[in-house]
Amino acid sequence: MTALDRDDSKPQLPPVTAFGPDFPFAYDDWITHASGLGRVPEAAHGTEVAVIGAGLSGMITAYELMKLGLKPVLYEAGRIGGRLRSEPFEGSGGLIAELGGMRFPRSATAFYHYLDLLGLETRPFPNPLHPVTPSTVIDLEGEQIYVEQGDPLPPVLAEISRAWHDALDQEVDFDTLQAAIRRRDVGAIKTVWNRLVPIWDDRTFYDFIASSEAFRRLTFRHREIFGQVGFGTGGWDSDFPNSMLEILRVACTNLDEDQHHVVGGVEQLPRGLWAHAPDRPAHWPAGTSLARLHGGATRGAVVRIARDGDDRVAITDRWGAVRSYPCAVVTCQSWLLTTHLNCDESLFSQRIWMALDRTRYMQSSKTFVMVDRPFWRERDPATGRYRMSMTLTDRISRGTYLFDHGEDRPGVICLSYSWMNDALKVMPLGVEDRVRLMLEALGKIYPDVDIAGRIVGNPITVSWETDPHFLGAFKGALPGHYRYNHRMFTQFMQDRLPKAERGLFLAGDGIAWTPAWAEGAVQTALNAVWGVMRHLGGGTQPGNPGPGDLMPEIGPLDLE
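None of these values were measured; they are calculated from a predicted model. Every chain is numbered on its own, with residues counted from 1 as its sequence reads. For a predicted model such as this one, the threshold for reporting local features is a pLDDT of at least 70, and the threshold for listing and counting side-chain atom pairs is 80 or more; totals across whole chains, interfaces and linings nevertheless cover every residue. Note that the side-chain values use all heavy atoms of the structure and ignore hydrogens as well as water.

A. Main features of the overall build of the chain. The way it works is that DSSP assigns letters per residue, a run of H or I at least four long becomes a helix, a run of E at least two long becomes a strand, and they are numbered from the N terminus. Across its full length, the chain carries 19 helices and 22 strands. Residue burial is assigned from relative accessible area. The probe radius is 1.4 Å, only protein chains are included, and a residue is buried under 20% of its type maximum, exposed over 50%, and partly exposed in between. Among the 560 residues that make up the chain, the fraction classed as buried is 59%. Nonlocal contacts in the chain, meaning residues at least 24 apart in sequence, comprise 73% of its contacts between residues at least 6 apart. Surface exposure of the chain reaches about 21,500 Å², of which carbon and sulfur atoms provide 50%. If the 56 positive side-chain charges of the chain are averaged to one point and the 70 negative ones to another, these points end up 3 Å apart. Residue contacts are counted whenever heavy atoms from the two residues lie within 4.5 Å of one another. The accessible surface values rely on the Shrake-Rupley method and a 1.4 Å probe; as for residues, cover is taken only from the protein chains in view. Positive charge is attributed to Lys and Arg, negative charge to Asp and Glu, and no charge count is given to His or to the chain ends. Here the site of a charge means atom NZ of a Lys, CZ of an Arg, CG of an Asp or CD of a Glu.

Right under this line is the structure:
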């Protein structure tokens, strides 16, 4: 089921959640269980554990370790939040540009656990063709498709929607897989998914579309439009070279459905966890927070990770201070381990190094402006259409999103949200040149709309590939990368590793099966928490097994 053909008249079924499919473990149940995640021996209480990176994964790792009675020590090279970066417009009274993650599917139940913990409000994201989006324009090869909220889909979009659904069900038994995910039927999920893994790991998303019987009945132009519209959010032709497994994970867990944005900015989540004092933490007195444990600030950038003796990890920060820990969690982008950090090779096996180094990161660029009011809700008297729409185009701007904060407040326009080659095209340009370029492109679509005349304040832009702390937006697995992902995801299971490779745990969305989605960052953080607990002699509570406890039984298919 897609955003293009959702039928709300159907009977209510159990919700689709990010339950697998590679590792169908109920992270949401584990973290909400009354008995807690687990415990460490009292002798380990107060033990320092290094956590490298204060993005979402690092912050959740640190927060949960603190609740266990440990003392996480967070290192951060830039700012708290990582790629959950909400940049305020100067003088706007709280309006922000979401430079990183900005739309979060309701199926991401572990992620929403932490949003709800802090009481953060979310609202539906104004995606193309979404009920909260007044109108959508698809501009391709100079021709436009205009769709208003509540209108029936134009025939060409209806044909594409049916073809996508038919291709999924005919080629990969999608409906059976998603029904099993709804029921959380582990056996049924594994039966379908483990059959698909060796077939679709070696094939691209584009191969799936081009070779499916459903799309072969249509024209090449249908494929082009599908690349613009995607299956709910637009711009998916940038993912055409990716492994089809990666796209199937997104589709079957509804990560591209029912997406929300966080009112006031998602950066509130990692910053809120930094300041939040959990109820009844082990060992620590009431009112303890990560901020209090750190004296108000994280430690600085890490420049070296080394082995200290047989069973400790030495972390050196940018000022030369060296601290030794019984274990550490690394949540930064994997390429940094071979380019920006002096990381001892012996800490990981060569198989893990191969996986970390072969990880492929996708480029991404966004450019935002603030305008005097949400003028796009006005009608053009000549045409009767809205003056401007959420826009998907093959022009340089690619995706343009409109954020309405009320008639009495300025509006925010994401002039351009682009990926890969389109992001690289603007990489050398400054923010003003980017704005001019995007306005020129949009001027071809809306020749009578003076967007520039409505801009107030200073524009905001980002190119994640030029940020030295990230080097790209997120991982995009190519065909043949399943084995690499398997190695990284299961690295927290260390009982069988040589002693020299124990005690350093990997986490972050780049380690997850679902890169680019905050849920993957949360899940791998929780994996690392389980690994640290076990490393320090602890374990989970009776009746609430953790990911490592169930890995031998329901772990991802091993193709090695």
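Having put the structure on the table, let's press on.
B. Examining the environment of Arg299 more closely. Tracing the backbone through its elements, the reader meets Arg299 in the loop between helix H12 (290-293) and strand S10 (302-308). The partly exposed category is assigned to Arg299, whose relative accessible area is 27%. Distance from Arg299 to Thr466, taken between C-alpha atoms, is 23 Å for residues 167 residues apart in sequence.

C. Just the packing of aromatic side chains, in detail. Think of it this way: a Phe, Tyr or Trp ring, Trp meaning its six-membered ring, pairs with another when their centres are within 6.5 Å, and the plane angle makes it stacked under 30 degrees, edge-to-face over 60, tilted otherwise. As enumerated under the stated definition, the model contains 28 aromatic pairs in all. We call a charge positioned over a ring when the NZ of a Lys or the CZ of an Arg lies within 6 Å of the ring centre and within 35 degrees of the ring normal. For Arg106, the ring lying beneath its charged end belongs to Tyr112, and the centroid distance is 4.0 Å. Note that Arg379 overlies the ring of Tyr386, its terminal NZ or CZ placed 3.9 Å from the centroid.

D. The arrangement of the nonpolar core in detail. Grouped together as the largest cluster of nonpolar side chains are 106 residues, with contacts concentrated most on Phe111 and Trp164. Broken down by element, the residue count for this core peaks at 10 residues, all from helix H18 (residues 518-535). By convention a nonpolar core is built from buried Ala, Val, Leu, Ile, Met, Phe, Trp, Tyr and Cys residues, the set being connected through side-chain atoms within 4.5 Å.

E. Expanded view of helix H5 (residues 174-183). For H5, the complete set of buried residues consists of Phe174, Leu177, Gln178, Ala180 and Ile181. Burial along H5 is one-sided: seen end-on, the buried residues are contained in an arc of 155°. Those residues of H5 hidden inside the fold are in contact with helix H4 (155-172), helix H6 (186-200) and helix H10 (244-252). The positive-phi residue at the C-terminal boundary of H5 is Arg184, with phi of around 55°. To obtain the arc, one takes the directions from the helix axis to the C-beta atoms.

F. Fine view of unusual backbone geometry. Here the amide bond leading from Gly20 into Pro21 is cis, since omega sits at 10°, within 30 degrees of zero. Phi is positive for Asp173, which is not a glycine, with a value near 55°. As for its placement among the helices and strands, Asp173 is situated in the loop between H4 and H5. On the basis of relative accessibility, which here comes to 27%, the residue Asp173 falls in the partly exposed class. Non-glycine residue Asp258 carries a positive phi angle of around 45°. Along the chain, Asp258 falls in the loop between H10 and strand S9 (259-262). Look at Asp258 and you get partly exposed, because its relative accessible area is 39%.

G. Examining the sheet that holds strand S14 (residues 342-343) more closely. Strands are treated as partners if at least two bridges between them are detected by DSSP. If you walk across this open sheet you meet the four strands as S12-S11-S10-S14, and the pairing is mixed. Strands with a single pairing partner mark the edges of an open sheet, and in this sheet they are strand S12 (322-325) and S14. For S10 and S14, the ladder comprises two bridges, and the chain directions are parallel. Bridge pairing in S14 places Arg304 opposite Asn342.

H. Broad picture of the pattern of salt bridges. We count a salt bridge whenever a side-chain nitrogen from Lys or Arg sits within 4 Å of a carboxyl oxygen from Asp or Glu. This model, assessed by the stated rule, comprises 35 salt bridges. When the shortest N-O distance is used, the salt bridge between Asp237 and Arg398 registers 2.9 Å. Of this pair, Asp237 sits in the loop between helix H9 (220-229) and H10 while Arg398 sits in the loop between strand S17 (390-393) and strand S18 (399-403), placing them 161 residues apart in sequence. Residue Asp237 is classed as partly exposed on the basis of its relative accessible area of 24%. Accessibility expressed as a relative area gives 11% for Arg398, which makes it buried. One salt bridge in this structure joins Arg351 and Glu560, with 3.0 Å as the shortest N-O distance. Residue Arg351 is found in helix H14 (residues 350-358), and its partner Glu560 is found in the segment after helix H19 (547-554); the two are separated by 209 residues along the sequence. One connected set of salt bridges, linked through shared partners, spans Asp372, Arg373, Glu378, Arg387 and Arg454.

On their own, these measurements won't tell you what the molecule is for.
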